[in-house]
Amino acid sequence: MDVEDRESPFDVASESCGQLGVHLSTDEDSEGDGPGQETSSDDEPALPPDLAWLEDLYEEDDDDGDGDGNPSVVADNGEKRSYAATARMFKLRRNLDQLDCFHRQKEHDVLKAREELKLCHQNIESLVEQRDDVENEIERQKAAENSVAVFRLRSQHKHLCQRLQSEEELEGHINTDLKQQELELNEVAVELGRFSSLRQEVQEEERVFQLMKAQKAATRIQQERKASQNLQLKMQHLRDKQAAMLMKAVNERQKNIEAGQANRRMAAKHLKETIKRMHQQEAEKEQQNRELLEKRIQAVKSLKSNIAATQESLRVQQRKAKANTQKKEQQQRQLRESLQAQGINSIKHMYQQKQLEEIKRKQEEFAERQKSKRVEIAAKILEEEQLVNRRKRHQAVLPKPSTTDSFPSLGRVREKLLHYLDPSPPSATEERATIQLREVSDSSSSSSASSDAEDLEETMHQEGGHQSLTESLAEPEFSGLWDQNSKKLQDEKAMSVQTEVKQEQPAMASGKLNVIVKKVHGKELKGPPFLSKPEIIIFKDFEVGKMYKKKIVLTNISYVTNHCKLLGVSTHLKDFISINFEPPGSLSAGMSCEMQAVFQPMINEDLEGEVQFASAVAPFSVPVRCTTKKCDLEVDSQFVDFGLHVVGQTISRTVTLTNKGALATLFSLDTSSCLSPESSHVQVPTQVSANTCQEISSENTTSENQRSSASIGTGELQPQQESQELSEALQQEQSVSEASATGPEAVLEACVSTDVDAHMDHSDGGDISLGNVREGQIGPFESIKLEVVFTPTIPGEAKLDFHIKFSDITSKPIPIQVRAVAVSVPVWVVQPSIDLKICMFDRLYQDSIMVQSRAKTALKLTFEVCPEMRKHMEILPKTGFIQAQSSFNAQLKFLPRCSLSKDAKKFFDSDTGVLEVPMTVQVAGQVKPVHFTVQAVVTSSDLQFDRTEADFGCCSIYQKVISSIRLTNLSLLPQDFGFLRLPEFIEVQPNDGFGTLLPQETLEIDLIFCAHKAKEYSFQISCKSGINRDFHLSCRAVVVSPPLELSHSLVQFGATAVGDHSTTIISLINRETNQNQSKQPIDPEDAMTLVAPRLFSFLPPKDSDISIAPSAGALLPGERCLVQVTFRPRLLDQEIKEEALRLFHRAKLLREKELERNTYTEKETKKEVPVKTNRGKKAPAIPNNSKVLDGPKTEQLTEPSNAANIQPGSEQYEDARASLLYSFTQRYREYTVPCFVSDRIPPEDGQEQPAWSPFNTLDLQLQCPAVQPALVVISNNGHNIIDFHQVAVGEKVIKRLTVQNISKESLDLRSSVLDVHGAFSLLNALRCIKPGDKHTLVLAFSPCLEEKYCETLEVRSQKMTLRMTLCGEGVVPAVTCSHPGGVLDFGYVLERESTAQVFKLQNSSVVAVGFRVQLASLSPTRPQGGADRVAFLLGSNTDSQVQPTVGTQNYSGLSVFSVVPVEGSIAPGQSQDITVTFQPDHPSVNYSDRLTIELMNKSKVCMMDLKGAASSHNMYLYGGDLLTVPVESLLPPLIASQPQLAAESEVTEKPTIPVLVTLRAKYNAGTITPAVRELQVGCIRSTQPSKKSGEFLWDNVASLQQQGFSVEPGKGTMEAGHKRTITIKWTPYSGYKPYEVVQTCVPVTLKGDETNVYRVTLIALVSTTAD
């Protein structure tokens, strides 16, 4: 059999398995998958996800490396199972399980189909039986001729037949499905039979597999045991090794300890010898120290006097500053009053002034920052120039650049950058500083020849123009063109940034943006089309009256042939500059032309402008700059530092003053540091002097800037020194600006202090003097050497500050600082005064003494301590050698003893604790020793109690007694303290007895005593300081046991919201028994009182949030009483009233501000009114209206006199309460509630009061934290009581209560359950509200009885419970109607007219009662479509007088009867009119309706039937018997045929109206009672004027009389609105036969607006039956 034949059965099985996808694989399948499966494991198929564990199992087996535990080993033959065979086993088991499951499913489906078929058979049999029964019943009804039942049974039979047919169809369908299910079941059973052998094989393989798994588990257990044994052996070996190492380490440590002890013994021996020798040396130097101490004391005294003088001067300055501040405040107050008097808002004005000052200050700060940044940028530019110069010097092989090189352009670039940085126009000082920078940079780069060449050229132009022209024309025409281009390219490669700035320079110099971008032949042209050489026409240092000429070369640098045309010069330069220019015509690229500029100045001012040209490409211009002669003064250094020099030497330094300008000036040296405006210049009497120091500060600031820029321009100082000077200058500027910002008074004080400092500096600089040259004249481009000489006479720092002043107004003074330090000896102490700060007795303090030497050789030092201080102070080492030009450190040890005041009286002040000890350092070979001082403040370390014993007195075992003591720190240093080893019955607070005491601080400490045993206590507590000192305090107390006991003496309430409450229950226990257990002695006569109860009484604090129930009572021995303690946090009434006053004053203040604003607005508006009036416009009336509106608002703010006038419940009170709730954070209070207990109870008949002992009193501690409520009621004025007041029984009143979440968390609201049978109900559900959200509770009150109701509704959240009290009263309503009820007849009305009737409802109850008026025709429960009429017509009603409730209605659809009002409410004791209107739209006598008045509780007040009739004529006849039903027919009206009564009627145009009157005479006991009937004739009153009165007439009255009928009256007239009764009487005439019916017809004519004839048919008979 081939592969396909072997696989076909499994394909069939898979198809039969359906959706389960069952597919079984056998050995043939695995063999048919490929020939490589048996030999190669790499080609094995992948496992499904549910068999992935099998692969992991094989991986673990491979890791073992042993084939004994392989699950693929076949136990029977010992051969290995392949991986695919094991996987095949699991696949077969899974497929067999699926096939079994499928077989069970098919069996279930077959059983289910059989059950359905059986049920279907039963239904068919039942339906057949029912059908037979129905057929039999049909036969019986046919026999009975009951057609209705036959029809019903036939329909039932038809229905049964349909059901039977459907059941039979279902039976066939079920049979088909059953056969199909059985077929599939058989197929599956066949498949199961085919795979039975395969199933057995799989079971065998599974058994083998389980066996192999058990073997593998056993093997793994053995391996684990072996591994654990090996691990234990390794651990034991490791522990042995560690023990040996530990023993070795212990031995080595013991050896080291022994060696260390031997070394310490040797060191101690040497140390003792050294200390002995040091004490001997100290004794020798003690006398010297005493002498030094006396000198030092004198110095200290002088220092104290100087300090006192300085303090006095500071106090004077403070008083001046305070006076100035008060004066300034007074000026501001006066200014404010004056502004208010003028009607100007003073607050706004002052605020604007402050804003302006702030803006001005910020502008000044910004200007200062700009200046500092400009200085930084200039420094960077100078560094770049120096870098370029150094590169230039290194490139010696290159030719020297000419004057037209690009390096001079660096000055222009720098100048341009400074111009960019300064948005304001440059002043003369700044221009001069810029020129100085450029000239200095040019001179440093050896390019000063260019400026000389320009000056020479200008001089030649002054002598003669022709010679200058010939010399200039002698030069080659195109000599510098290519050189300039090549140099420009080199400069672009070397300095790209400067080249970009240079390209922008001409445009920025002329003040215009001449950057033109144009493409010529594909190339982009930037900048002007012609290049000017020189780029700027400069006439420098000109004089008025002379002529200056300069040649300019214009070169075409565009890419096309171009020409240029002279347009002219700037307008302000036309009078001074003339241009000689001949247009050259067209110029090719690179060609140039020349022009000559002639300048003849007329005024001595700087001029700037431009020469404008036009070209074919674009216009361009050449800048022109003309400058006058100026002084450009600078010094080579503004800071002269002499350094360190020994006293007696003479050192000189020179300061070079250079004038780089063309104007000469006088100079002088001034040593005063604070310059006045008068002395800032030399020989300038006409200068205007200033009166404030602010101008001086600004001038000093300018001079500092100029000095800093000049010092930077020299390039001789190092970069660090330059940055230091710049920072100092900026700090000086900032200090001056701050001084000027504080006001003129502060500036004056600054000037005074500056003068003082100047004098002090002058005195300090006495060793520094100036040379012989102190004043003179400096010419143009000259330099003068100024000499400064330093001759030190005393050691110390010397300094001198002086200024170089000039007669030139534009030249600011140049400050010069000179510093020098003089030293006397080569060895000195770095810190001549060693301050040990504050020290304590018996504590060791150390410090280091550094000695510095400038000598060239090593020197021997010896430190000496005065004999008085040798017990307290020493220096180690006492002798040492200091190396050349190095330092030496010695250790100072200070251990003050308590005998310091006795040992060193002249060094130590016992009152202040100040210690000043002079020390000496002897230097070998130096006669004068080095002195230094050791200073310290020595203080005590004692802590002192204010008492020696603390007595707690007598207390109970349930009480806590607090005794306060005061602990004082007598030291000048803070000290830590702590109470240690306290008994268990004592507690120290605050901070559990630990803390820190500041110097001289006294702290109050509470000692809390609480003992649990009744006895006498005597103990001692210890306070330990931070330096381990103990201070003891004795304590004693007597403890007794009270008769009563509280279960809890401390109650800690949880955080309770305001408005909520927390409750706890404690127990009060009487521990006494019938026998005396008290230790106190008692009298025998009181022994009987021990069995008596004890009285107790709680006394809570007044106006507290605590309530206790019961608050008093009696307890027998052994009894227990439960006490409920409730904490209800609330807002105090006084707090609310104070908050109300605060809110009122705040509102009043806001109102006043608003009125001021309105007044200011009105004044501003009034200022504009005259302008508008002149133009003929009306003035606006808005201010007047605002005044009118503001008046009532002002009157509403009535100020209460005090808080007592604010009544609870008022609007102010509630607003204040809400404000406190919203702003409430938290509140913590502690209460101590005493419980007084009596000693005994007196006899009942005695007058003795019970004795209350203080020893029996119990204390109840309450900790009550209150927090802000999470929920507050924002409606109902914040009240939690909702009063529905009186409500009628049966009515429902709804009220809404709004709550708001004022917490910061979301709240999940829940409510308590109200009484389900009660009158209150919550109509809406509660929800989670977010912070700040609101929620409205809808509450309803519906009383059912006449009584009072009250319930409590709790709204719960996570944080609090909000309780609301619901109350109300039910009242029975009493409402009466003026109409008694019954029938309300409107009579006859003309069609399309109306009539109305009114009745009243009277409310006699005490509450308002709502009512509702209902019409039956408008009732929603009324049958629609005339169903009631059909029922009436089909009914068995034979009474002719009965009418339906709702009769005829209008054709228009509008109601015939209308009521006003339909509903409403009647106030207590009031009445309400009800108007009923009848308005028909067609004639009918059957109009009727039913009106019901009921209250809101569904109780009916009255019920009345409304009747009415409508006629088309004003005359009507009413009465007789009914000829038709009392309702209109559902069919359209039919015209009845007229009877053929020609003898009794006459021919009329209109049909007659039939009327039937039946008269029944009664026969009783031989007597006949005549029959009497009445008819009504009436005339309808109409609103139309055409309607009038009418008349009626009976015809053939004589014939009626013959038959026994009599009619009264037979005729008559009727007025409108009246009606008459016509009586018809019948008496049997003679010859009347019994049971004979007498019938006659009589016409009745009614004449009104129209004539109508009624045909009255009279029928008479005698009746013998009683009605």
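Residues numbered from 1 in each chain as written. Predicted model: local features only at pLDDT ≥ 70, side-chain atom pairs only at ≥ 80, totals over all residues. Heavy atoms only, no water.

**Q** Just checking my understanding: could you explain the overall build of the protein for this structure?
**A** The secondary structure content of the protein amounts to 22 helices and 76 strands. For the protein, the exposed area adds up to about 96800 Å²; of that, 52% sits on carbon and sulfur atoms. (Helix = DSSP H or I, 4+ residues; strand = E, 2+ residues; numbered from the N terminus. Areas by Shrake-Rupley, 256 points an atom, 1.4 Å probe, with all protein chains shown as cover.)

**Q** Is there a simple way to explain a nonpolar patch on the surface in this structure?
**A** Side chains of L231, M235 and L238 sit close together on the surface and give an oily, nonpolar patch of about 270 Å² of accessible area. Among the secondary structure elements, L238 is positioned in helix α6 (residues 196–342). (Patch = residues over 30% accessible without salt bridge, like charges linked within 9 Å, V, L, I, M, F, W, Y side chains within 5 Å. Salt bridge = Lys/Arg side-chain N within 4 Å of Asp/Glu carboxyl O.)

**Q** How do you make sense of the packing of aromatic side chains when you look at a structure like this?
**A** As enumerated under the stated definition, the model contains 29 aromatic pairs in all. Aromatic side chains F1386 and F1457 sit 5.6 Å apart centroid to centroid with 45° between the ring planes, which places their arrangement in the tilted category. Here F1386 is found in strand β59 (residues 1382–1390), whereas its partner F1457 is found in strand β62 (residues 1457–1460), with 71 residues between them in sequence. The class for F1457 is buried, based on a relative accessible area of 0%. Sitting above the plane of the F539 ring, K550 keeps its charged end 5.7 Å from the centroid. Between the NZ or CZ atom of K1295 and the centre of the ring of F1284, over which it lies, the distance is 5.5 Å. (Phe/Tyr/Trp six-rings, centres within 6.5 Å; stacked < 30°, edge-to-face > 60°. Buried < 20%, exposed > 50% of the residue type's maximum accessible area, 1.4 Å probe, protein only. Lys NZ or Arg CZ within 6 Å of the ring centre and 35° of its normal.)

**Q** Hey, could you run me through the packing of helix α4 (residues 83–144) against α6 in this one?
**A** When two helices pack together, you describe them by how their axes are tilted relative to each other and by the distance separating the axes. It is at 10 Å that the axes of α4 and α6 come closest, and there the two elements cross at 130°. Between α4 and α6, the angle is such that the two are oblique. For α4 against α6, the interelement crossing comes out left-handed. Side by side, α4 and α6 meet where T86, R88, M89, F90, L92, R93, L96 and D100 of the first sit next to L198, R199, E201, V202, Q203, E205, E206 and F209 of the second. (Axes fitted to C-alpha atoms, helices over the stretch in contact; angles between N-to-C directions. Parallel < 35°, antiparallel > 145°, perpendicular 65-115°, else oblique. Left-handed = near helix turned anticlockwise from the far one by under 90°. Contact = heavy atoms within 4.5 Å.)

**Q** Sorry, what's going on with the environment of Q1479 here?
**A** On the secondary structure map, Q1479 appears in the loop between β64 (1471–1478) and β65 (1484–1495). For Q1479, a relative accessible area of 44% translates into the label partly exposed. Residue contacts for Q1479: discarding those within four places in its chain leaves E1393, S1394, N1450 and V1456.

**Q** Just to check I follow, could you spell out the environment of N1028 for this structure?
**A** Examined against the element boundaries, N1028 turns out to sit in the loop between β36 (1016–1025) and β37 (1030–1040). Taking the relative accessible area as the measure of exposure, N1028 reaches 55% and is therefore exposed. Remark: the alpha-carbon pair of N1028 and F977, spanning 51 residues in sequence, is separated by 9.2 Å. A distance of 3.1 Å separates a polar atom in the side chain of N1028 from a polar atom in the side chain of K1024. (Polar contact = N/O pair within 3.5 Å; in protein donor to acceptor, adjacent residues only side chain to side chain.)

**Q** I'm lost on unusual backbone geometry in this one. Help?
**A** Excluding glycine, most residues fall at negative phi; most peptide bonds, likewise, are trans. At the junction of K533 and P534, the peptide bond is cis and its omega measures out at 0° in the coordinates. Summarising the element assignment, P534 is placed in the loop between β3 (530–533) and β4 (537–542). A positive phi angle, close to 55°, is found at E145, a residue other than glycine. Here E145 is to be found in the loop between α4 and α5 (147–194). Residue classification places E145 among the exposed positions, given a relative accessible area of 71%. Backbone geometry at K837 places phi at a positive 60°, although glycine is not the residue there. Within the element layout of this structure, K837 appears in strand β21 (residues 833–840). Classification of K837 as exposed rests on a relative accessible area of 56%.

**Q** For this particular structure, what's the right way to read the sheet that holds strand β34 (residues 994–997)?
**A** The strands making up a sheet associate through hydrogen bonds between their backbones, and the pairing can be parallel or antiparallel. Read from one edge to the other, the open sheet built from five strands follows the order β30-β37-β36-β32-β34, with strand pairing classed as mixed. The sheet is open, and its two borders are formed by β30 (949–956) and β34, each paired with just one other strand. Across the sheet, the axes of successive neighbouring strands diverge by a mean angle of 25°, strand direction being ignored. Pairing between strand β32 (residues 975–980) and β34: four bridges, direction antiparallel. (Pairing = 2+ DSSP bridges.)

**Q** Got a minute to help me understand the pairing of β32 in this structure?
**A** Here is the key point about a regular strand: its side chains alternate between the two faces of the sheet. Relative to β36, β32 runs antiparallel, the two being bridged by four bridges. Residue pairing across strands places L980 opposite S1022, the latter belonging to β36.

**Q** Looking at this model, I keep getting lost on the sheet that holds β3. Mind explaining?
**A** What the four strands build is an open sheet, ordered β3-β5-β8-β7; its pairing is antiparallel. The sheet is open, and its two edges are formed by β3 and β7 (577–581), each paired on a single side. On average, each strand axis in the sheet is tilted by 25° relative to the strand beside it, whichever way the strands run.

**Q** How should I be thinking about the side chain of E864 in this particular structure?
**A** By secondary structure assignment, the location of E864 is in strand β23 (residues 859–864). Using a relative accessible area of 6% as the deciding quantity, one classes E864 as buried. Apart from residues lying up to four places away in sequence, E864 is in contact with K285, Q288, N289, M919, T920 and Q922.

**Q** What exactly am I supposed to notice about the pairing of strand β26 (residues 887–894) here?
**A** Only one face of β26 is covered, namely the face carrying F888, A890, L892 and F894; the face carrying S887, N889, Q891 and K893 is uncovered. For strand β22 (residues 845–853) and β26, the ladder comprises eight bridges, and the chain directions are antiparallel. Note on β26: the bridge partner recorded for Q852 is S887. Of the strand pairs in this sheet, strand β24 (residues 873–876) and β26 are connected by four bridges, and their pairing is antiparallel. Along β26, the bridge assignment pairs M873 with F894.

**Q** Please clarify how the state of the cysteines should be interpreted in this entry.
**A** Within the structure shown, the criterion is met by zero disulfides. Cysteine C593 remains unbridged, with the sulfur of C564 as its closest cysteine sulfur at 4.0 Å. (Disulfide = S-S within 2.5 Å.)

**Q** What should I look at first to understand the pattern of salt bridges in this one?
**A** Two side chains bearing opposite charge may form a pair once their charged atoms approach each other closely. According to the stated counting rule, one finds 46 salt bridges in the structure shown. Where D100 meets R199, a salt bridge forms, and the shortest distance between an N and an O atom there is 2.9 Å. Residue D100 is found in helix α4, and its partner R199 is found in helix α6; the two are separated by 99 residues along the sequence. The exposure class of D100 is buried, given its relative accessible area of 18%. A residue is classified by how much of its surface remains accessible, and R199, at 18% relative accessible area, is buried. When the shortest N-O distance is used, the salt bridge between R1036 and D951 registers 3.1 Å.

**Q** Just checking my understanding: could you explain the environment of F1255 for this structure?
**A** Mapping F1255 onto the fold places it in the loop between β46 (1226–1237) and β47 (1258–1267). A sequence separation of 299 residues divides F1255 from S956, and the C-alpha atoms of the two residues are 6.2 Å apart. Look past the residues within four positions of F1255 in its chain and what remains in contact with it is C954, S956, V1040 and P1042.

**Q** Sorry if this is basic, but what is going on with the confidence of the model for the protein here?
**A** Low pLDDT marks stretches whose predicted atomic positions should not be read closely. A residue-level look at the protein finds 74% of positions with pLDDT of 70 or above and a mean pLDDT of 76. Long-range and interchain partners of residues 416–517, a stretch whose pLDDT sits below 50, account for 127 contacts in this model, where long-range means more than four residues apart. Counting interchain partners and residues more than four positions distant, the pLDDT-below-50 stretch residues 1075–1089 has six contacts. (pLDDT = per-residue confidence, 0-100.)

**Q** Would you mind going over the packing of α5 against α6 with me for this structure?
**A** At a minimum axis distance of 4 Å, the contact between α5 and α6 shows a crossing angle of 50°. Overall, the two elements α5 and α6 adopt an arrangement that is oblique. Across the interface between the two elements, L192, G193 and R194 from α5 touch S196, S197 and R199 from α6. Of the residues assigned to the contact of α5 with α6, the class counts are one nonpolar, three polar and two charged. (Nonpolar A, V, L, I, M, F, W, Y, C, P; charged D, E, K, R; others polar.)

**Q** How do you make sense of helix α20 (residues 1211–1223) when you look at a structure like this?
**A** For α20, with 13 residues, the first-to-last C-alpha span of 18 Å sits near the 18 Å given by 1.5 Å per residue. Within α20, burial applies to Y1213, E1214, A1216, L1220 and L1221. Viewed end-on, α20 has its buried residues packed into an arc of 160°, placing them on one side of the element. (Expected span 1.5 Å × (residues − 1). Arc of directions from axis to C-beta.)

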